[in-house]
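Below are the chains, spelled out letter by letter.
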Amino acid sequence: MAKSGARSGGKARATKERRSDTALLIIDVINDLEFPGGEQVLPWALRMVERLGPLARRMRAAGVPVIYVNDNFNHWRSNFRDVYRHCTRKGIRGRPVARALKPEPRDYFVLKPKHSAFFATSLVPLLEHLGTKKLLMAGMATNLCVFFSAHDAHMHEYDITVLSDCCAAESDGDHDLALDQLQRFLGVRVCRADEVKRTRRARRPAHSAKGAGRL
């Protein structure tokens, strides 16, 4: 598994953390989009940014943890900052999306080697550390990494909401089919970002979690 970057350090920083029953999981938005079909994802991803950016800010303000789970692009000696630099180089197709959705210092990040946010990552220990039972899921692609992550989240018995206007795929058909399958067979809730209602429910401070980083 790829290194996940520097962990949050020191007691002073840990005491600022609060447990939360809900977390926003943002999947693969720090992405170069330099793959076959990436040119078709880009316009959908730019539309996604318009909804996901404000939602992430609203969640942070409400005390909801924002967790970026991102592919390591087979850069096994990388950390999250390296991945961000890779995806925001001049001329890279995914640059405007990655720059618009750049994580804030208080956000969490986990690097993943495969499609699912849960496979061979530290995500489950991080969610346990935060006391999270409910996941708001966003990112790309809807029919690939979001889809696989939602399946694994279901296996771990999390309460799952996928935000339809905060996800992107190569086509409307791919996007809609994936959401339909998640609703029909896993009972996943699908809604828009503006339908998410959240008030702050911070609980006791949590100690730092191994394997997860902060920017």
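Calculation rules
Residues numbered from 1 in each chain as written. Predicted model: local features only at pLDDT ≥ 70, side-chain atom pairs only at ≥ 80, totals over all residues. Heavy atoms only, no water. Phe/Tyr/Trp six-rings, centres within 6.5 Å; stacked < 30°, edge-to-face > 60°. Helix = DSSP H or I, 4+ residues; strand = E, 2+ residues; numbered from the N terminus. Buried < 20%, exposed > 50% of the residue type's maximum accessible area, 1.4 Å probe, protein only. Contact = heavy atoms within 4.5 Å. Salt bridge = Lys/Arg side-chain N within 4 Å of Asp/Glu carboxyl O.

### Section: the packing of aromatic side chains
Counted according to the given criterion, the structure contains four aromatic pairs. With 6.3 Å between their ring centres and 75 degrees between their planes, Tyr68 and Phe80 make a pair best called edge-to-face. Here Phe80 lies in helix H3 (residues 80-87) and Tyr68 lies in strand E2 (residues 66-71), a separation of 12 residues in the sequence. Exposure class is identical for Tyr68 and Phe80. Each is buried. Centre to centre, the rings of Phe80 and Phe109 are 5.1 Å apart; their planes meet at 40 degrees, and the pair counts as tilted. Pair noted here: Phe80 is in helix H3 and Phe109 is in strand E3 (residues 108-112), with a separation of 29 residues, a long-range link. Residue Phe109 is classed as buried on the basis of its relative accessible area, which comes to 1%.

### Side note on helix H5 (residues 123-130)
Most of H5 is tucked away: six of the eight residues are buried. Where H5 is concerned, the buried positions are Leu123, Val124, Leu126, Leu127, His129 and Leu130. Packed against the buried residues of H5 are strand E1 (22-27), E2, E3 and strand E4 (134-140). Directly after H5, the chain includes Gly131, whose backbone phi takes a positive value near 75 degrees.

### Some remarks on the pattern of salt bridges
Under the definition given, this model contains 12 salt bridges. The partner of Glu39 in a salt bridge is Arg93, and the shortest N-O contact between them spans 3.9 Å. Remark: Arg93 occurs in the loop between H3 and helix H4 (95-100) and Glu39 occurs in helix H2 (residues 38-61); sequence separation between them is 54 residues. The partly exposed category is assigned to Arg93, whose relative accessible area is 25%. Note that Glu195 and Arg192 form a salt bridge whose closest N and O atoms lie 4.0 Å from each other. What makes Arg192 partly exposed here is its relative accessible area of 39%. Taken together, the shared-partner salt bridges in this structure form one network comprising Arg60, Glu104, Arg106 and Asp107.

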